[in-house]
Amino acid sequence: MNKSYSLQETFAPNSSYRVFLACVLITGLSSGLYKGILDNYLAEIVRMSEMDRGGSQNSSGR
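Scoring rules and cut-offs
- Residues numbered from 1 in each chain as written.
- Predicted model: local features only at pLDDT ≥ 70, side-chain atom pairs only at ≥ 80, totals over all residues.
- Heavy atoms only, no water.
- Helix = DSSP H or I, 4+ residues; strand = E, 2+ residues; numbered from the N terminus.
- Buried < 20%, exposed > 50% of the residue type's maximum accessible area, 1.4 Å probe, protein only.
- Areas by Shrake-Rupley, 256 points an atom, 1.4 Å probe, with all protein chains shown as cover.
- Phe/Tyr/Trp six-rings, centres within 6.5 Å; stacked < 30°, edge-to-face > 60°.
- pLDDT = per-residue confidence, 0-100.
- Salt bridge = Lys/Arg side-chain N within 4 Å of Asp/Glu carboxyl O.
- Patch = residues over 30% accessible without salt bridge, like charges linked within 9 Å, V, L, I, M, F, W, Y side chains within 5 Å.

Student: Can you tell me about the overall build of the protein chain, naming the residues and giving the values?
Tutor: A count of helices and strands for the protein chain gives three helices and zero strands. Reading the protein chain from its N end, one meets helices and strands in the order α-α-α. Across the 62 residues in the protein chain, those meeting the buried criterion constitute 5%. In the structure as shown, the protein chain presents an accessible area of about 5700 Å², 60% of it carried by carbon and sulfur atoms.

Student: Talk me through the packing of aromatic side chains; I want residue IDs and the actual numbers.
Tutor: Summed over all chains, the structure comprises one aromatic pair. Here the aromatic rings of Phe11 and Tyr17 are separated by 4.7 Å at their centres, their planes lie at 5 degrees, and the arrangement is stacked.

Student: Please give an account of the confidence of the model for the protein chain that cites residues and values.
Tutor: Looking at the protein chain, pLDDT values average 83 and 87% of them are 70 or higher. Confidence, expressed as mean pLDDT per element, reaches its minimum in the protein chain at helix α3 (residues 50-59) with 71 and its maximum at helix α2 (residues 17-44) with 91.

Student: Go over the pattern of salt bridges, please, and point to the residues and values.
Tutor: In a structure, side chains of opposite charge can pair up when their charged atoms sit close to one another. Summed over all chains, the structure comprises one salt bridge. Of the charged contacts in the structure, one is a salt bridge between Asp39 and Lys35, with a shortest N-O distance of 3.2 Å. Here Lys35 and Asp39 lie together in helix α2, a separation of four residues that amounts to about one turn.

Student: Any chance you could break down a nonpolar patch on the surface for me, citing the residues and the numbers?
Tutor: Together, Leu7, Phe20, Leu21 and Val24 make up a nonpolar patch on the protein surface, roughly 360 Å² of accessible area in all. Looking at the nonpolar patch element by element, the count peaks at three residues for α2. Position of Phe20 among the secondary structure elements: in helix α2.

Student: With reference to specific residues and values, describe the environment of Asp52.
Tutor: Note that Asp52 resides in helix α3. Since its relative accessible area comes to 41%, Asp52 is described here as partly exposed. Between the C-alpha atom of Asp52 and that of Leu42, which follows or precedes it by ten residues, the distance is 9.2 Å.

What follows is the structure, encoded as structure tokens:
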């Protein structure tokens, strides 16, 4: 009933799905590192509280 598929069966034979999946992985890792570094910088260097950091990060996305 539940058949599992391999990546070779899921994607077209000559597609570059490995490059795409590597890009998704790298983007996720870099986003996580950036968020962690930014939070630590704002907390330790700028001495912002969690409430201040949340306000500054949410308002910059506008």
